[in-house]
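The residues making up each chain are set out below.
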Amino acid sequence: MLEILYRDEHLIAINKPSGLLVHKSYYAGEADTYAIQELRDQIGQYVYPAHRLDRKTSGVLLFTLDKDSLRVMNDQFATRKVEKKYLVIVRGWTKEEETIDYDLINEDEIQQNAITYYHRLQTSEIDLAFGKHQTSRYCLVEAIPETGRMHQLRKHFKHILHPILGCRPYGCNKQNKLWLETFNMKKMMLHAHQLIFDHPVTNERITLNAKVNEEFKRVGDILNLDLSSYS
């Protein structure tokens, strides 16, 4: 059963598990199940995805229950009136805060402006040898993308040389292999923890929060990160 975070007669939101595709996609490939079908079967009603999350990304995923609400929400996302906040565990210690303004090439080979703001929440250094170093450093950041490009956060953190832990193909393959062999970690540490928007009918400002999954918490424990505010 999918965890439902919010529901009224116009909207429904879930905490999407990592590894679940939102719907069929040429770029993501095939799957046995999709969030749109799972949710439809669970509530016995057709749903319309208002936005997307990568297959490997967990967290707040919003659907509408009618096409009029969908049009309003599509407009809010397109005009950047929706605030999306992500929790990310990355390799190394980032700056305390930074705005990444770095254009990305989309799947049609078109260059698009892409902007991400982030701020560092916590740092960690553990006794895990890597290369010439006897310890390994990581940090927890909150990322707020101003634009919504495909794989934007994954590509932007790679660009600043702080790849997301567990990310493929934009992460550090050597680090991912180390974590797989040492801690049996197979998931990406990227979680959409908060979504803020105006209700399409009432105009009420809505804030939805999604708790991190068990694997994110497990990795947080390994890194001695305090995730109590997000779990």
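The text that follows walks through the structure, step by step, so that each part is easy to find. Only a predicted model underlies this, so the values are computations on that prediction, with no experimental measurement involved.

**Quick notes on helix H4 (residues 173–183)**
Point 1. Turning to H4, its buried residues are Gln175, Asn176, Leu178 and Trp179. Burial along H4 is one-sided: seen end-on, the buried residues are contained in an arc of 160 degrees. More than 90 degrees from the buried face of H4, the exposed residues found are Asn173, Lys174, Lys177 and Glu181.
Point 2. Those residues of H4 that are buried lie in contact with strand E5 (83–91), strand E9 (115–126), strand E10 (136–145) and helix H5 (214–222).
Point 3. Directly beyond the C-terminal end of H4, a positive phi value near 55 degrees is found at Asn184.

**Some thoughts on the nonpolar core**
Point 1. Ranked by internal contacts, the top residues of the largest apolar core, which has 33 residues, are Leu39, Val47, Phe63, Tyr86, Val88, Phe157 and Ile164.
Point 2. Going through the elements one at a time, strand E2 (11–16), helix H1 (35–43), strand E4 (58–64), E5, E10, helix H3 (152–159) and strand E11 (190–198) are the ones with two or more residues in this core.
Point 3. In contact with Tyr86, not counting residues within four places along its chain, are Leu53, Thr57, Val141, Glu142, Ala143, Pro145, Leu153, Leu190, His191, Ala192 and His193.
Point 4. Core analysis: the next-biggest nonpolar cluster, separate from the first, contains 18 residues, Leu87, Leu140, Trp179 and Leu223 among them.

**As for the state of the cysteines**
Point 1. According to the stated counting rule, one finds 0 disulfides in the structure shown.
Point 2. The cysteine Cys139 is free of any disulfide, with Cys172 supplying the nearest cysteine sulfur at 15 Å.
Point 3. We classify Cys139 as buried; its relative accessible area is 0%.
Point 4. The structure places no disulfide on Cys172, whose sulfur is separated from the nearest cysteine sulfur, that of Cys167, by 11 Å.
Point 5. Residue classification places Cys172 among the buried residues on the basis of a relative accessible area of 15%.

**With respect to helix H2 (residues 67–78)**
Spacing of three or four residues puts side chains on the same side of an α-helix, whose turn is 3.6 residues.
Point 1. The end-to-end C-alpha distance of H2 is 16 Å, a good match for the 16 Å that 12 residues give at a rise of 1.5 Å each.
Point 2. Of all the residues in H2, the buried ones are Ser69, Leu70, Met73, Gln76 and Phe77. For H2, the angular spread of buried residues about the axis comes to 125 degrees, placing them on one side. When the buried face of H2 is taken as reference, the exposed residues oriented beyond 90 degrees from it are Lys67, Asp68, Arg71 and Ala78.
Point 3. As for H2, its buried residues are in contact with E2, strand E3 (48–49), E4, E5 and E11.
Point 4. Where H2 begins, one side-chain oxygen reaches toward the backbone nitrogen of Asp68, 3.3 Å away; that side chain belongs to Asp66.

**Structural notes on the environment of Ile126**
Point 1. Considering the arrangement of structural elements, one finds Ile126 in strand E9.
Point 2. Residues Ile126 and Leu223, 97 residues apart in the sequence, show an inter-C-alpha distance of 6.6 Å.
Point 3. Contacts of Ile126, omitting those with residues within four sequence positions, involve Thr135, Ser136, Tyr138, Trp179, Ile222 and Leu223.

**Quick look at unusual backbone geometry**
Point 1. Omega for the peptide link from Arg168 to Pro169 comes to 10 degrees, which places this bond in the cis form.
Point 2. Residue placement: Pro169 occurs in the loop between H3 and H4.
Point 3. Even without glycine at this site, Glu109 takes up a positive phi of about 65 degrees.
Point 4. Residue placement: Glu109 occurs in the loop between strand E7 (104–105) and strand E8 (111–112).
Point 5. Looking at Glu109, the relative accessible area reads 64%, which means it is exposed.

**Thoughts on the pairing of E2**
On any regular strand, side chains alternate: one points to one face of the sheet, the next to the other face.
Point 1. In terms of burial, E2 is a largely internal element, 6 of the 6 residues being buried.
Point 2. Residues of E2 alternate between two faces, with Leu11, Ala13 and Asn15 on one and Ile12, Ile14 and Lys16 on the opposite face, all of them buried.
Point 3. Examined bridge by bridge, strand E1 (residues 3–7) and E2 share 4 bridges and lie antiparallel to one another. Bridge assignment links Tyr6 to a residue of E2, and that residue is Ala13.
Point 4. If you look at the hairpin formed by E1 and E2, you'll find 3 residues sitting between the two strands.
Point 5. Two strands pair when backbone bridges link them, and E2 and E4 are joined in this way by 6 bridges, in the antiparallel orientation. Bridging across to E4, Ile14 finds its partner in Leu61.

What counts and how
Residues numbered from 1 in each chain as written. Predicted model: local features only at pLDDT ≥ 70, side-chain atom pairs only at ≥ 80, totals over all residues. Heavy atoms only, no water. Buried < 20%, exposed > 50% of the residue type's maximum accessible area, 1.4 Å probe, protein only. Helix = DSSP H or I, 4+ residues; strand = E, 2+ residues; numbered from the N terminus. Arc of directions from axis to C-beta. Contact = heavy atoms within 4.5 Å. Core = buried A, V, L, I, M, F, W, Y, C linked by side-chain atoms within 4.5 Å. Disulfide = S-S within 2.5 Å. Expected span 1.5 Å × (residues − 1). Polar contact = N/O pair within 3.5 Å; in protein donor to acceptor, adjacent residues only side chain to side chain. Pairing = 2+ DSSP bridges.

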